[in-house]
Amino acid sequence: AVVSTQSTGEVVSENKKWNCIYPAYINANRSLQRGRRIPKEKAVDNPTYQEIGDVVRSLGLNHELQPTKHYCRELDRERWQLGRVKVQLVGEQGEHLHETIHTKRQLMEYCATMIPKLKSRSSKPADNQQPSGSGKNKKKKGRK
């Protein structure tokens, strides 16, 4: 993954034609007017740019995480809503860089199907159950 500070004009010009994916594009909690671009049934609840970056990284595509960018339709400037991912889907000669994903829409729908399967998503419910178990252990320690 390439994380650019955008201090050089060369890096910016290289990825200027790359596709931008904002979390709002695949957020099931957003309306079409607020920026969602895929059907609600295929969208995911509150994705982050890091999760999108993880999915794109697993595809092996060139990408750049830009954590300070805001989507223009975001009314709230909250921390979890920040960021975007720029992805290179087409090479310099116009060839597709991935076997099955050729368009921005295909990439957004693929990200929305894969984000719920990420370890960071699946571990959240387990973390909520663990403190209750450790709370029982604390009570036992107090009884001794």
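Here, the structure is the one placed above.
Note that this is a predicted model, so its numbers are computed, not measured.

> With reference to specific residues and values, describe the sheet that holds strand S1 (residues 19–21).
Each strand in a sheet pairs with its neighbour through backbone hydrogen bonds, running either in the same direction (parallel) or in the opposite one (antiparallel). Across the sheet, three strands lie side by side as S1-S3-S2; this open sheet has antiparallel pairing. The sheet is open, and its two edges are formed by S1 and strand S2 (63–66), each paired on a single side. In this sheet, neighbouring strand axes are inclined to one another by 20° on average, regardless of whether the strands run parallel or antiparallel. Pairing between S2 and strand S3 (residues 84–87): four bridges, direction antiparallel.

> With reference to specific residues and values, describe helix H2 (residues 49–59).
Tyr49, Glu51, Ile52, Gly53, Val55, Val56 and Leu59 are the residues of H2 that are buried. Immediately beyond the C-terminal end of H2, within one or two residues, lies Gly60, with a positive phi of roughly 80°.

> Please provide a residue-by-residue account of unusual backbone geometry, values included.
Here Asn46, not a glycine, exhibits a phi torsion of approximately 45°, which is positive. Take Asn46: it is sitting in the loop between S1 and H2. Judged by relative accessible area, which is 32%, Asn46 ranks as partly exposed.

> An account of empty space enclosed by the protein is needed here, citing residue identities and associated values.
By the definition in use, this model includes one cavity of 30 Å³ or more. The calculated volume of the largest cavity comes to roughly 50 Å³. Forming the boundary of the largest cavity are ten residues, of which Pro23, Ala24, Pro47, Glu74 and Gln81 lie nearest the centre. In terms of residue class, the lining of the largest cavity is built from six nonpolar, three polar and one charged.

Rules of the game
Residues numbered from 1 in each chain as written. Predicted model: local features only at pLDDT ≥ 70, side-chain atom pairs only at ≥ 80, totals over all residues. Heavy atoms only, no water. Pairing = 2+ DSSP bridges. Helix = DSSP H or I, 4+ residues; strand = E, 2+ residues; numbered from the N terminus. Axes fitted to C-alpha atoms, helices over the stretch in contact; angles between N-to-C directions. Buried < 20%, exposed > 50% of the residue type's maximum accessible area, 1.4 Å probe, protein only. 1 Å grid on protein atoms, 1.4 Å probe; cavity = no way out; pocket = protein on both sides within 12 Å on 5 of 7 lines; lining within 4 Å. Points joined across faces, edges and corners; volume = space filled by probe spheres on them. Nonpolar A, V, L, I, M, F, W, Y, C, P; charged D, E, K, R; others polar.

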